[in-house]
Amino acid sequence: MASPGHSDLGEVAPEIKASERRTAVAIADLEWREMEGDDCEFHYGDGTNEAQESDFPTVERSRLQEMLSLLGLEPYQVQKLSLQDALQISSDSMRNWAPQAPKDLPWNFLRKLQALNAEARTTTMVPDVPPDTRPVEKESQMEEEIIYWDAADDVSADIYSFSELPTPDTPVNPLDLLCALLHASDSFLQQEIVLKMSLCQFALPLVLPDPESHDHTFLLWAMRGAVRTWWSQPPRAAGSLREDSPVLSRAPAFAFARMEVSSNSKSQLLNAVLSPGHRQRDRFWHRDLSLGASPREIADGLVEISWFLPSGREDLDIFPEPVAFLNLRGDIGSHWLQFKLLTEVSSAVFILTDNISKKEYKLLYSMKGSATKYYFILSPYRGKRNTNLRFLNRLIPVLKMDHSHVLVKVSSTDSAGFVRRVRAIVAHVTRAPCRRVSVEDMAHAARKLGLKVDEDREECQRAKDRMERITRKIKDSDAYRRDELRLQGDPWRKAAQVEKELCQVQWAGDPPEKSRAELRHRLLELRTQQNGHEPAWGVQEFISGISGPSLGEKQYFLRWMEWGLARVAQPRPRQPPETLLTLRPKHCAAVDLGEPPWPEPLGVEHFLREMGQFYEAESCLVEAGKLPAGQRRFAHFPGLASELLLKGLPLELIDGNTLSPPLRWVTGLLKELHVRLERRSRLVVLSALGAPGTGKSTLLNTMFGLRFAAGGRPGPRGAFMQLITVAESFSQDLGCDHILVIDSGGLVGGALTEAGERFEREAALATLIMGLSNVTVVSLAETRDVPPAILHAFLRLEKTGHMPNYQFVYQNLHDVSAPGSKPRERRQLADQPGDGSRATAQTEKQGDGIRTLADLAFCDPEKQHIWHIPGLWHGVPPMAAVSLGYSEAIFELKRCLLENIRNGLSNPNKNIQQLIELVRRL
């Protein structure tokens, strides 16, 4: 047996050769005939693909096409649905609508999934037909059909395989919707779907079935984006918080499958096993949920995966380590290839059945010699009891079982006690030396069995190879930044300081020409030094990766770089268990949150920042006449970056290390963006400010499906911008073609003192971001105090009259459970000034005493400027789901922001040229 920390896929019992397998199946057939007196002849052929053949190939081949057509996804079979398509703003973004027809279901699912809504998988439709106009006969007929499907056993393979083709009136099983949408989506939308499902604590699709060609796909790439956090406590060692991708981290795996018909729902059993406490979480969709009993048309053969992750609390931790659970939809006899995969990667397989058939007996007999443990869960009173017993007696020596491997569950069985027994079996297996596998290991086994792996596409592999060439040379992140990314750090910090002084001198009124000349000379010296360097080899490789002709390969490369750099980044410091329970720093009024407690990790933004500095240095020299324009080498860099912005990559607007915006780089990028957008260049700028840990990045990501760094892990410190497209059909109504979203990141601290240069710079940057914005969201924590730098920016902008539409968002208030609060409560919050607010108001020298938020002329608490957002989690992380209250409150906030933009309550909308001029002025 392999040691617990290593994969032992190579030590699984060797594949049975075709001839040996035929012999095993023939022996099993003879034994079965002895038991049943069956005189029929058994034809095994080569035995390799017998279970996948359909008795009705014509109907089966058309089933996927029919489902795609029913859901309106047929146009996306060739030109796949992209992430940008799914995230664009439309009129539906402003209304909480219910799907009225099957074609609405995919978009309703994507919209709710983006908002992390726990009800995203519900496929109930509300027909847009007045009740009194519906014929009585039709209503009665629909009612009978619903009763029929509810009463039918949802695990009957025959019903699923040979049911009538779906029609617009047929209820759509949520698993069919998921499979159809994944078939119609490109790799990056598939990845986004899986990531959001992971955050919602839904079971994730691992093997996507193709009912037409049986060319099933293992979704390794789609799983790459998911990140899990758990409390790791090795034997005889102190516990620590660990964060890793399930694609890479190894854990024991347990598979659950059905043989023909089972009275017991394996999905419900899995949910009970995975749910600590008394409240069951529906990770796996099951027959008792809405439309869970409706027939599955294309989802049989789907393999799902979910994990149990410990939290560090003994009262909640069912298992002391992460454990993976796999679920095969459909009968193992009809999906033998998927079942074979489960036996290759699992430590134990649980088979649920009422009746044992000849077909499944022969197939299981062929598993002779497998190292996997097998357990049977039977409901014998509904099946052929004696036949089942004879069958099991024959299998016990073949599969190396004993009688403890056979569990019986009937209607009178104590459900809670049965769940405890299954958990005890899982715990017993994990305590012994057992197979531990990652999703990558599972993909390796899938390849050996002939399944497609989505990550094996040529573009994806070329991008991965380039990433590995870059990251292989990174041994130490700090040393790499210092030695390879040479234009950052001190050179850029010195140049930024000189540019700041030059700006101050120019605004001083009538500055001496000598002072300006000296500053310009120093700046040119610094920029000349920068321009004298050549891009390091790693930067050149990065530029080549984003310069290729293939758009798909560029996107693959950037994702690979994000993950590759995350793997070589400095490890996160240990944190106590309570940090896991909140997944954010505790908010304390006496702590300065302006200084991050960990170093900034190496990321894609550092390579783009280096490109920006090469462009800045060269542009400065050209402006000063020190370099002919014809000798420019880096003029195309902003164009490369603008393409990334158009494809949904967040780009750095303000450098978090120097607290400075690279003006030439940003304006060059916006100019290129203007050229590429042509006539669709009307912009609204929406920004979010707040101290680190107040949930602003998570709020933006949930609201618009963005990719800003969020969560408790270290992230980049700068302000980032991301572009959202407005659908052409809605742009005239909304008044803009795109929304540019700015996340202030870790720029604005929560310090209660304002002495020193850092506060001045934070206040200036907050003023810059808000000055660029049409709409600003200020995210506040439980301290109920507006950060001084942000209040300072409000006071400055109030003087100029350039005030954005603003919304104050209080998150995680323990005594607030609804998105809106009563006017009296809002008034009380606005009337309570914190020490920082007092100090900031005094520095403005208004001469009218202490100014509170309510005293400001622009703040009217009665106009819904203040929001209360419930806590993010429903339960205890890492097994907690996002609360429905949080999701619904975020949607209401989003609707309000878009309404304000449409109604012209924000600053006047801009085109990109006007935004460029505003950046220069501010």
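Residues numbered from 1 in each chain as written. Predicted model: local features only at pLDDT ≥ 70, side-chain atom pairs only at ≥ 80, totals over all residues. Heavy atoms only, no water.

In this section: the pattern of salt bridges. When the charged atoms of two side chains with opposite charge come close together, those side chains can pair. In total, this model carries 42 salt bridges according to the counting rule given. In this structure, Arg567 and Asp244 form a salt bridge, with 2.7 Å as the shortest nitrogen-oxygen distance. Here the residue Arg567 occupies a position in helix H21 (residues 551-568), and Asp244 occupies one in strand E4 (residues 240-244), the gap between them amounting to 323 residues. Residue class for Asp244 comes out buried when judged on its relative accessible area of 10%. In this structure, the salt-bridge partner of Asp733 is Arg902, at a minimum N-O distance of 3.1 Å. Placement of Asp733 in helix H27 (residues 728-734) and of Arg902 in helix H32 (residues 884-902) is noted, with a sequence separation of 169 residues between them. You can call Asp733 partly exposed: its relative accessible area is 40%. Take Arg902: its relative accessible area is 31%, and that puts it in the partly exposed class. (Salt bridge = Lys/Arg side-chain N within 4 Å of Asp/Glu carboxyl O. Helix = DSSP H or I, 4+ residues; strand = E, 2+ residues; numbered from the N terminus. Buried < 20%, exposed > 50% of the residue type's maximum accessible area, 1.4 Å probe, protein only.)

A few words on helix H15 (residues 439-448). For H15, the set of buried residues is Val439, Asp441, Met442, Ala443, Ala445 and Ala446. Once H15 ends, the next one or two residues include Gly450, with phi positive near 95 degrees.

Bringing the UniProt feature "coiled-coil region" (unreviewed entry) in the protein into the picture now. Summarizing the sequence annotation, UniProt attributes the feature "coiled-coil region" (unreviewed entry) to residues 446-473 in the numbering used throughout. From the first C-alpha to the last, residues 446-473 spans 31 Å; its make-up is 61% helix and 7% strand. (UniProt positions renumbered as here; feature names shortened; annotations may be inferred.)

With that settled, the discussion passes to the pairing of strand E7 (residues 323-331). The buried count for E7 comes to nine of nine residues, which makes it a mostly enclosed element. Where strand E5 (residues 253-258) and E7 come together, five bridges link them in parallel fashion. Opposite Phe256, over in E7, you have Asn327 as the bridge partner. Bridge analysis of strand E6 (residues 303-308) against E7 gives six bridges, and the strand direction is antiparallel. Counterpart to Val303 in the pairing with E7 is Leu328. (Pairing = 2+ DSSP bridges.)

Attention shifts here to the packing of aromatic side chains. One pass over the full model with this rule turns up 24 aromatic pairs. Summarising the aromatic geometry, the rings of Phe256 and Phe325 are spaced 6.4 Å apart at their centres and angled 40 degrees between planes, so their arrangement reads as tilted. With a gap of 69 residues between them, Phe256 in strand E5 and Phe325 in strand E7 connect regions that are remote in the sequence. Residue class for Phe256 comes out buried when judged on its relative accessible area of 0%. Plain terms: the ring middles of Phe614 and Phe634 are 5.1 Å apart, the flat faces sit at 55 degrees to each other, and that makes the pair tilted. With a gap of 20 residues between them, Phe614 in helix H23 (residues 604-623) and Phe634 in the loop between H23 and helix H24 (637-646) connect regions that are remote in the sequence. Overall, Phe614 belongs to the buried group, its relative accessible area being 1%. For Phe634, a relative accessible area of 5% puts it in the buried group. Three or more aromatic residues joined by ring pairs form one cluster here, namely Phe254, Phe256, Phe308, Phe319, Phe325, Phe350 and Tyr375. The cationic tip of Lys409 hangs over the ring face of Phe418; the distance from NZ or CZ to the ring centre is 6.0 Å. Lying over the aromatic face of Trp537, Lys473 brings its terminal NZ or CZ to 5.2 Å of the ring centre. (Phe/Tyr/Trp six-rings, centres within 6.5 Å; stacked < 30°, edge-to-face > 60°. Lys NZ or Arg CZ within 6 Å of the ring centre and 35° of its normal.)

Let us now look at the side chain of Ser379. With respect to the element layout, Ser379 can be found in the loop between strand E9 (373-378) and helix H13 (385-398). Among the polar contacts listed, one links the side chain of Ser379 to the side chain of Asn264, at a separation of 2.8 Å. The residues contacting Ser379, other than those within four sequence positions of it, are Ser263, Asn264, Thr353, Asp354, Lys409 and Val410. (Polar contact = N/O pair within 3.5 Å; in protein donor to acceptor, adjacent residues only side chain to side chain. Contact = heavy atoms within 4.5 Å.)

What follows concerns the nonpolar core. Counting residues in each nonpolar core, the largest one holds 154 residues, and the members touching the most others are Ile193, Phe218, Phe325, Leu326, Phe339, Phe376 and Ile739. Ignoring anything within four residues of it in the chain, the contact list for Phe218 reads Leu206, Val207, Leu341, Val439, Met442, Ala443, Ala446, Lys452, Val453 and Asp454. Val539, Val685, Met721 and Leu791 belong to the second-largest nonpolar core, a separate cluster that totals 83 residues. (Core = buried A, V, L, I, M, F, W, Y, C linked by side-chain atoms within 4.5 Å.)

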